[in-house]
Amino acid sequence: MGLELYLNLLSQPSRAVYIFAKKNGIPFELRTVDIIKGQHRSKEFFQINSLQKVPVLKDGDFILTESSAILIYLSCKYQTADHWYPSDLQARARVHEYLGWHADCIRGTFGVPMWVQVLGPLIGVQVPEEKVERNRTAIDQALQWLENKFLGDRLFLAGQQVTLADLMALEELMQPVAVGYELFKGRPRLAAWRERVEAFLDAELCQEAHSLILSTLEQAAKKTLPTPPPEVYPTMLLRIARIP
Amino acid sequence: MGLELYLDLLSQPCRAVYIFAKKNGIPFELRIVDLIKGQHLSDAFAQVNPLKKVPALKDGDFTLTESVAILLYLMRKYKVPDYWYPQDLQARARVDEYLAWQHTTLRRSCLRALWHKVMFPVFLGEPVSPQTLAATLAELDVNLQLLEDKFLQNKAFLTGPHISLADLVAITELMHPVGAGCQVFESRPKLATWRQRVEAAVGEDLFREAHEVILKAKDFPPADPTIKQKLMPWVLAMIRFSLLLVMYAVPKEKQHCQGHSLACAELHMKLETRDWGKMER
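Residues numbered from 1 in each chain as written. Chains lettered and ligands numbered in written order. Predicted model: local features only at pLDDT ≥ 70, side-chain atom pairs only at ≥ 80, totals over all residues. Heavy atoms only, no water.

- As recorded in an unreviewed UniProt entry, chain B goes by the name glutathione transferase, listed as coming from Macaca mulatta.
- Recorded under Subunit (unreviewed entry), the UniProt text for chain B is reproduced unchanged: "Homodimer." (UniProt positions renumbered as here; feature names shortened; annotations may be inferred.)

- The name given to chain A in an unreviewed UniProt entry is glutathione transferase, with the source organism recorded as Macaca mulatta.
- Recorded in UniProt for chain A, the comment headed Subcellular location (unreviewed entry) runs: "Cytoplasm, Cytosol".
- UniProt annotates chain A under Subunit (unreviewed entry) with the comment "Homodimer."

This is the structure we're talking about:
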């Protein structure tokens, strides 16, 4: 059995891994794990990842979790173009610097609007407006840092070429974009960065990777999203309860 | 000017960077940035790191933030022994995996344990409800269990038979709740023996030196009102970020965390609605 990637394209880190593998022509078996249907909580998937999260990589007997670890593993094993994870000491340090800040300030924050507008209502939960506002402020602050400290007057977040940092960032930003947040309005530098990244990745690949997330709002309106089974409710409620 | 490291040993990630540099004989100028005096909030330090956080590294004109980035930079530049971050693809991936996981889980619960148990009540004079504290400690417990079950398992060190950056980052984090007086190792023999191995590998003198400050955290004198006013917005922002937890499906802790989130929210609302611009007391 070759490389397997356990993914869900509703998940930001899953999309980053998917796009990276596809863009670099890395052969893999896609194993879709439907989170809404609760497939991540199955006994079978528990054998793959006891933390019950995606993405997960399985390469023969070797199982690896955490999207940044997976991306670095793939870039090294398949010897992708240097710019993704540059061998230059300082350039690579900038990628890790971004990924560290991303874990604190982007991850967790940018996923909230999807919970507020789609996933919460799917199980009949309304997130209080006060929390929605607080999240909006957090998103705004993070975008300011993203634009001013990381992008600055560079072409990309960690330098003059696309790196893993841009991929991780783009996929997180797509989450609130998918539910109508106009993140790039009034932020021309960031908007131009997004266009550059998407142009580099290729419009068709982006469309393919983003189609699911971009259709969630419409699907929710038409009531065509899958119904979460009861056993998924507790973890969904827990995630919602943690929205500050 | 050679390598400069801007650190405060009160901070978990700073301790990891300090120990790593010292252990590997990396020459550096230590620049102390005293967090409880608010030195990280100064304009001078903003020149070094506009994000106003430690650790920060300055190597000539090159400035770098984020502890994992700094550790990896030092590792590569100074060509330290391979075991810290192995060349082997899969062994290295294990270290990357731990370093990514800990960021949103163990680090946050260790930080909160310190602040909820000691820093808020003792240093800042802000009481924390028993419910909030209990929930914080319960969550720490969950993450300690994950550390043991998913990462350590039956190995000598977190990612294999040798110490790595993963162990260094983990141990420095766990010393936060230890400094707060939590019984982290007493009921966990596996973690306790792992700790002994890590300390021995790092060197007991160096380990002790790096942890002198955190082990005295309980004895910090209360902050004077000016300092408290200065620090509060930063503290609230820092601890709030630690509320943004990534969902993990461990059934028994659901209850704790739901209550925890509510209790934390109450604590924060109470603190945030005060006008820190005016002098209190």
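### Points about the overall build of chain A
- The helix and strand tally for chain A stands at 11 helices and 4 strands.
- Relative to its length of 244 residues, chain A is compact, with a C-alpha radius of gyration of 18 Å against a globular reference of 18 Å.
- For chain A, the spread of C-alpha atoms along the principal axes amounts to about 50 × 50 × 30 Å.
- Residues counted as buried form 60% of the 244 residues belonging to chain A.
- Pairs at least 24 residues apart make up 73% of the contacts formed inside chain A by residues separated by at least 6 positions. (Helix = DSSP H or I, 4+ residues; strand = E, 2+ residues; numbered from the N terminus. Rg over C-alpha atoms; globule rule 2.2 N^0.38 Å. Buried < 20%, exposed > 50% of the residue type's maximum accessible area, 1.4 Å probe, protein only. Contact = heavy atoms within 4.5 Å.)

### Examining the UniProt feature "domain: GST N-terminal" (unreviewed entry) in chain B
- When the UniProt feature table is mapped to this numbering, "domain: GST N-terminal" (unreviewed entry) covers residues 1-82 of chain B.
- Secondary structure across residues 1-82 of chain B comprises 35% helix and 21% strand; the distance between its end C-alpha atoms is 28 Å.

### Details of the UniProt feature "domain: GST N-terminal" (unreviewed entry) in chain A
- Per the UniProt record, "domain: GST N-terminal" (unreviewed entry) is annotated on residues 1-82 of chain A.
- The distance from the first to the last C-alpha atom of residues 1-82 of chain A is 28 Å, and the span holds 35% helix and 21% strand.

### Looking at the domain arrangement of chain A
Residues and elements named next belong to chain A.
- Domain boundaries in chain A define domain 1 (3-77) and domain 2 (89-241).
- Interface area lost by domain 1 to domain 2 is led by Gln12, Ile19 and Ile36, which between them contribute 30%.
- Of the charged contacts in the structure, one is a salt bridge between glutamate 171 and arginine 15, with a shortest N-O distance of 2.7 Å.
- If you look at where domain 1 meets domain 2, you find 8 residue pairs in polar contact (both at pLDDT 80 or more).
- Going through the elements one at a time, helix H1 (12-23) and helix H3 (67-77) are the ones with two or more residues in the side of domain 1 that touches domain 2. (Domains from an automatic or database assignment. Buried area = accessible area lost by both parts, 1.4 Å probe. Salt bridge = Lys/Arg side-chain N within 4 Å of Asp/Glu carboxyl O. Polar contact = N/O pair within 3.5 Å; in protein donor to acceptor, adjacent residues only side chain to side chain.)

### Things to note about the side chain of Arg15(A)
- The residue Arg15(A) is located in helix H1 in this model.
- Beyond its immediate stretch of four places on either side in the chain, Arg15(A) contacts Leu9(A), Leu10(A), Glu171(A), Met174(A), Gln175(A), Ala209(A), His210(A) and Ile213(A).

### Describing the UniProt feature "domain: GST C-terminal" (unreviewed entry) in chain B
- Within this structure's numbering, the places UniProt gives as "domain: GST C-terminal" (unreviewed entry) are residues 88-220 of chain B.
- The span residues 88-220 of chain B is 71% helical and 0% strand by assignment, and the distance between its end C-alpha atoms comes to 44 Å.

### A few points about the packing of aromatic side chains
All names here are of chain A.
- Following the criterion strictly, the structure yields 19 aromatic pairs over all chains and no others.
- With a centroid separation of 5.2 Å and an interplanar angle of 90°, the aromatic rings of tyrosine 98 and phenylalanine 150 are classed as edge-to-face. Placement of the pair is tyrosine 98 in helix H4 (residues 89-105) and phenylalanine 150 in helix H6 (residues 129-151), with a sequence separation of 52 residues. Summarising the burial analysis for this pair, tyrosine 98 and phenylalanine 150 share the class buried.
- For the ring pair tryptophan 101 and phenylalanine 150, a centre distance of 4.7 Å and an interplane angle of 40° mean the geometry is tilted. On the criterion of sequence distance, the pair formed by tryptophan 101 in helix H4 and phenylalanine 150 in helix H6 is long-range, its members being 49 residues apart.
- What links up through ring pairs into an aromatic cluster is the set Phe20, Trp84 and Phe200.
- Just above the ring of phenylalanine 200 sits the side chain of lysine 23; from NZ or CZ to the centre is 5.0 Å.
- Seen from the ring of phenylalanine 150, lysine 149 lies directly overhead, with NZ or CZ sitting 5.5 Å from the centre. (Phe/Tyr/Trp six-rings, centres within 6.5 Å; stacked < 30°, edge-to-face > 60°. Lys NZ or Arg CZ within 6 Å of the ring centre and 35° of its normal.)

### What about the interface of chain B and chain A?
- Across the boundary between the two partners, chain B contributes 44 residues, which contact 46 residues of chain A.
- Interface area for chain B against chain A, summed over the two sides, is near 4,500 Å², with a carbon-plus-sulfur share of 63%.
- At the boundary of chain B and chain A, one finds 2 salt bridges.
- One salt bridge connects Asp104(A) with Lys53(B), and the closest N-O pair in it is separated by 3.6 Å.
- Taken together, the connections running from chain B to chain A amount to 8 residue pairs in polar contact (both at pLDDT 80 or more).
- Where the side of chain B that touches chain A is concerned, the elements lending two or more residues are strand S4 (62-65), helix H3 (67-77), helix H4 (89-104), helix H6 (130-152), helix H10 (225-241) and helix H11 (254-272) of chain B.
- With 11 residues, the single largest contributor to the side of chain B that touches chain A is H4(B).
- Here the residues of the side of chain B that touches chain A are counted per class, giving 24 nonpolar, 7 polar and 13 charged. (Nonpolar A, V, L, I, M, F, W, Y, C, P; charged D, E, K, R; others polar.)

### Description of the domain arrangement of chain B
Residues and elements named next belong to chain B.
- When the domains of chain B are assigned, the result is domain 1 (3-80) and domain 2 (90-278).
- Taken residue by residue, the interface counts 23 residues in domain 1 and 29 residues in domain 2.
- Where domain 1 abuts domain 2, roughly 2,300 Å² becomes buried across the two surfaces, and 72% of that area is made up of carbon and sulfur atoms.
- Summed over the three residues of domain 1 that lose the most area to domain 2, namely Gln12, Ile19 and Ile36, the buried surface amounts to 29% of that side.
- Taken together, domain 1 and domain 2 are joined by 0 salt bridges.

### A few points about the sheet that holds strand S1 (residues 3-7) of chain B
All names here are of chain B.
- If you walk across this open sheet you meet the 4 strands as S2-S1-S3-S4, and the pairing is mixed. Strand pairing shows two members of the sheet lacking a second neighbour, strand S2 (29-32) and S4, which therefore form its edges. On average, adjacent strands in this sheet sit at an angle of 20° to one another, irrespective of strand direction.
- Inspection of the sheet shows S1 paired to strand S3 (residues 56-59) by 4 bridges, in the antiparallel sense. Among the inter-strand pairings, leucine 5 is bridged to a residue of S3, identified as leucine 57.
- Along the sheet, helix H1 (residues 12-23) contacts S1 and S2; its crossing angle with S1, the most-contacted strand, is approximately 145°. (Pairing = 2+ DSSP bridges. Axes fitted to C-alpha atoms, helices over the stretch in contact; angles between N-to-C directions.)

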